[in-house]
Amino acid sequence: MANNTPNRPDEHLHREAADAEIFDDVQEAQAEATSTEDEENEIINGQAGQIDTLNETVQKLTEEVEKAKKDYLYLMAEFDNFRKRTLKEKSDILRNASEKDMADLLPIVDDFERGIEANRTTSDVETLRQGMELIYQKFVKYLERHGVKPIESTGLAFDPEMHEAIAMVPVNDEEQKGKVIDTPTKGYTINDKVLRHAKVAVGQ
């Protein structure tokens, strides 16, 4: 026989409360899912932004490196041109200086040739001697114009920076010991730098 007993009011209320609780749980789960999806989208968007920023930085650095490389190659080419130009100018200066030096020597060569020719036609020894002295003085002045000067030696204290001792000479005078007694070969300086040491005999 069928049970026609109507539902009790408290059972109906319990069912509605259960349904409401389930509905709330579903809504809460949907809200959490939506929040999680929003957070994931935010993270993805943030990472995408970071990647874009990194790509822009890489592109900028790449352009700067390329520019620096071009500048470096340009500077290297300029330096190489400068080096070649400087070497050429230095070579020209040395060559021109040598040409001038040789040109200044030619009058002295002319005097020597005239002296040799005169020696063939004259027997006047005094005249020849004077001619040789004039040529010598002219050559000494030429050397002085080019910074070459003789080193003072005889009578001075021996100086290893200027003198080269080739003989030791016994002396009776104590004041002569350690001094240059004779200079067989003169020494010279050029612009205050030793060009050739004077070869000297030193008292001992």
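Scroll up to find the structure.
Here the structure is a predicted model, which is why all the values come from computation and not from measurement.

Conventions we followed
Residues numbered from 1 in each chain as written. Predicted model: local features only at pLDDT ≥ 70, side-chain atom pairs only at ≥ 80, totals over all residues. Heavy atoms only, no water. Helix = DSSP H or I, 4+ residues; strand = E, 2+ residues; numbered from the N terminus. Buried < 20%, exposed > 50% of the residue type's maximum accessible area, 1.4 Å probe, protein only. Contact = heavy atoms within 4.5 Å. Areas by Shrake-Rupley, 256 points an atom, 1.4 Å probe, with all protein chains shown as cover. Pairing = 2+ DSSP bridges. Axes fitted to C-alpha atoms, helices over the stretch in contact; angles between N-to-C directions. Salt bridge = Lys/Arg side-chain N within 4 Å of Asp/Glu carboxyl O. Expected span 1.5 Å × (residues − 1). Patch = residues over 30% accessible without salt bridge, like charges linked within 9 Å, V, L, I, M, F, W, Y side chains within 5 Å. Lys, Arg positive; Asp, Glu negative; His and termini not counted. Charge placed at Lys NZ, Arg CZ, Asp CG, Glu CD. 1 Å grid on protein atoms, 1.4 Å probe; cavity = no way out; pocket = protein on both sides within 12 Å on 5 of 7 lines; lining within 4 Å. Points joined across faces, edges and corners; volume = space filled by probe spheres on them. Nonpolar A, V, L, I, M, F, W, Y, C, P; charged D, E, K, R; others polar.

Chemist: I'd love a proper account of the overall build of the protein chain, names of residues and values included.
Modeler: When you go through the protein chain residue by residue, the secondary structure sums to 2 helices and 6 strands. For the protein chain, the N- to C-terminal ordering of α and β elements is α-α-β-β-β-β-β-β. Residue burial in the protein chain is summarised as follows: out of 204 residues, 10% are buried. Long-range contacts, defined here as pairs at least 24 residues apart, represent 61% of the contacts in the protein chain between residues at least 6 apart. When the accessible area of the protein chain is evaluated, it comes to approximately 16,800 Å², of which 57% is carbon and sulfur surface.

Chemist: Can you break down the sheet that holds strand E6 (residues 198–203) residue by residue, with the values?
Modeler: Working definition: the strands of a sheet are paired by backbone hydrogen bonds and lie parallel or antiparallel to each other. As summarised here, the arrangement of the 3 strands in space is E2-E6-E3, forming an open sheet in which the pairing is mixed. The open sheet has two edge strands with one neighbour each: strand E2 (163–169) and strand E3 (180–185). Pairs of neighbouring strands in the sheet enclose a mean axial angle of 30°, with direction left out of account. Bridging between E2 and E6 involves 6 bridges; their strand directions are parallel. Paired with alanine 165 across the strands is valine 200, a residue of E6.

Chemist: How would you sum up the pattern of salt bridges? Please name residues and give values.
Modeler: One pass over the full model with this rule turns up 12 salt bridges. A salt bridge links arginine 83 to aspartate 80, with the shortest nitrogen-to-oxygen separation between them at 2.8 Å. Of this pair, arginine 83 and aspartate 80 both sit in helix H1 (residues 9–121), 3 residues apart, roughly one helical turn. Look at aspartate 80 and you get partly exposed, because its relative accessible area is 26%. Because the salt bridges share partners, they merge into one network encompassing Asp80, Arg83 and Lys84.

Chemist: Account for helix H2 (residues 125–145), with residues named and values stated.
Modeler: Between the first and last C-alpha of H2 there are 30 Å, a value that for 21 residues agrees with the 30 Å anticipated at 1.5 Å per step. Looking one or two places after H2, you find glycine 147, whose phi comes out positive at around 80°.

Chemist: If you had to explain a negative patch on the surface to someone new, which residues and values would you point to?
Modeler: On the surface, Glu37, Glu39, Glu40 and Glu42 cluster together into a negatively charged patch. For glutamate 40, the position within the fold is in helix H1. Classification of glutamate 40 as partly exposed rests on a relative accessible area of 45%.

Chemist: Tell me what's going on with the side chain of serine 153, and back it up with residues and numbers.
Modeler: For serine 153, the position within the fold is in the loop between strand E1 (148–150) and E2. A relative accessible area of 4% places serine 153 in the buried class. Beyond its immediate sequence surroundings of up to four residues, serine 153 is in contact with His163, Val180, Thr183, Ala198 and Val200.

Chemist: If you had to explain the layout of surface pockets to someone new, which residues and values would you point to?
Modeler: Approximately 180 Å³ is the volume found for the largest pocket. In terms of lining residues, the largest pocket is bounded by Asp111, Arg114, Gly115, Ala118, Asn119, Thr122, Thr127, Leu128, Gly131, Met132, Leu134 and Ile135. Where the lining of the largest pocket is concerned, the elements lending two or more residues are H1 and H2. The element contributing the most residues to the lining of the largest pocket is H2, with 6 residues. Partitioned by chemical class, the residues of the lining of the largest pocket number 5 nonpolar, 5 polar and 2 charged.

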